[in-house]
Amino acid sequence: MGCLMNLLWLLLGGIFTAVEYLISSILMMITIIGIPFGMQTLKLAGLALWPFGKEVRSGSRSSGCLYILMNVIWLFVGGIWICLSHLVFGAVLCITIIGIPFGLQHFKLAALALSPFGKDIVTV
């Protein structure tokens, strides 16, 4: 069932979200300072490409000082806007019964977009 939902996700716009994250990741990795942020955007792209059957968990290193600092910088630079866009898409999709599973995936992406440093994506 997860494979079918992932295929529907891709056909209904997930591929565009993943490509947007991939392009922004490549643009961030042009500079040395942007490489850590580009790596986190790659994490978002991977989850946006195939979200069903995956879960976001806090890693053992998520409470480190550097990860907290990077999450604060991420939040102010653009993480809040990415999170808000996923929240809006999730709310719109949850209005219909058919869109609820896709809306829940947007909520998962919103949580990751808010603070991606120190988070791991695991297959359930």
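Residues numbered from 1 in each chain as written. Predicted model: local features only at pLDDT ≥ 70, side-chain atom pairs only at ≥ 80, totals over all residues. Heavy atoms only, no water.

1. Considering the overall build of the protein chain
Rule in force here: The helix count covers DSSP runs of H or I at least four residues long, the strand count covers runs of E at least two residues long, and both are numbered beginning at the N terminus. Within these notes, the globule rule equals 2.2 Å times the number of residues to the 0.38 power, and the radius of gyration is based on C-alpha atoms. Buried, partly exposed and exposed residues are distinguished by accessible area as a fraction of the type maximum, computed with a 1.4 Å probe on protein chains only: under 20%, between the cut-offs, and over 50%, respectively. Whether two residues are in contact is decided by their heavy atoms: any pair within 4.5 Å suffices. Working definition of accessibility: Shrake-Rupley area with a 1.4 Å probe, residue cover restricted to the visible protein chains.
A tally of regular secondary structure across the protein chain gives four helices and two strands. Against the 2.2 N^0.38 benchmark of 14 Å for 124 residues, the protein chain shows a C-alpha radius of gyration of 14 Å, consistent with a compact globule. Every one of the 124 residues in the protein chain was classed for burial, and the buried ones make up 36%. Look at the contacts in the protein chain between residues 6 or more apart in sequence, and 71% of them connect residues 24 or more apart. Total accessible area on the protein chain is roughly 7300 Å²; 79% of this is exposed by carbon and sulfur atoms.

2. Description of the packing of aromatic side chains
Each aromatic ring pair is described using two quantities: the centre-to-centre distance and the angle formed by the ring planes. Using the following cut-off: The rule is short: rings of Phe, Tyr and Trp, with Trp giving its six-membered ring, pair when the centres are within 6.5 Å, and they are stacked under 30 degrees, edge-to-face over 60, tilted in between.
Tallied over the entire structure, the rule returns six aromatic pairs. Considering the side-chain rings of Trp9 and Phe52, the 6.4 Å spacing of their centres and the 80 degrees angle between planes classify their relative orientation as edge-to-face. Of the two residues, Trp9 sits in helix H1 (residues 2-28) while Phe52 sits in the loop between helix H2 (35-49) and strand E1 (54-58), which places them 43 residues apart along the sequence. One exposure class covers both Trp9 and Phe52, and it is buried. Relative to Phe102, the ring of Trp9 lies with its centre 6.3 Å away and its plane at 20 degrees, an arrangement referred to as stacked. Of the two residues, Trp9 sits in helix H1 while Phe102 sits in helix H4 (residues 100-114), which places them 93 residues apart along the sequence. Using a relative accessible area of 3% as the deciding quantity, one classes Trp9 as buried. Counting every residue linked through ring pairs, the aromatic cluster contains Trp9, Phe52 and Phe102.

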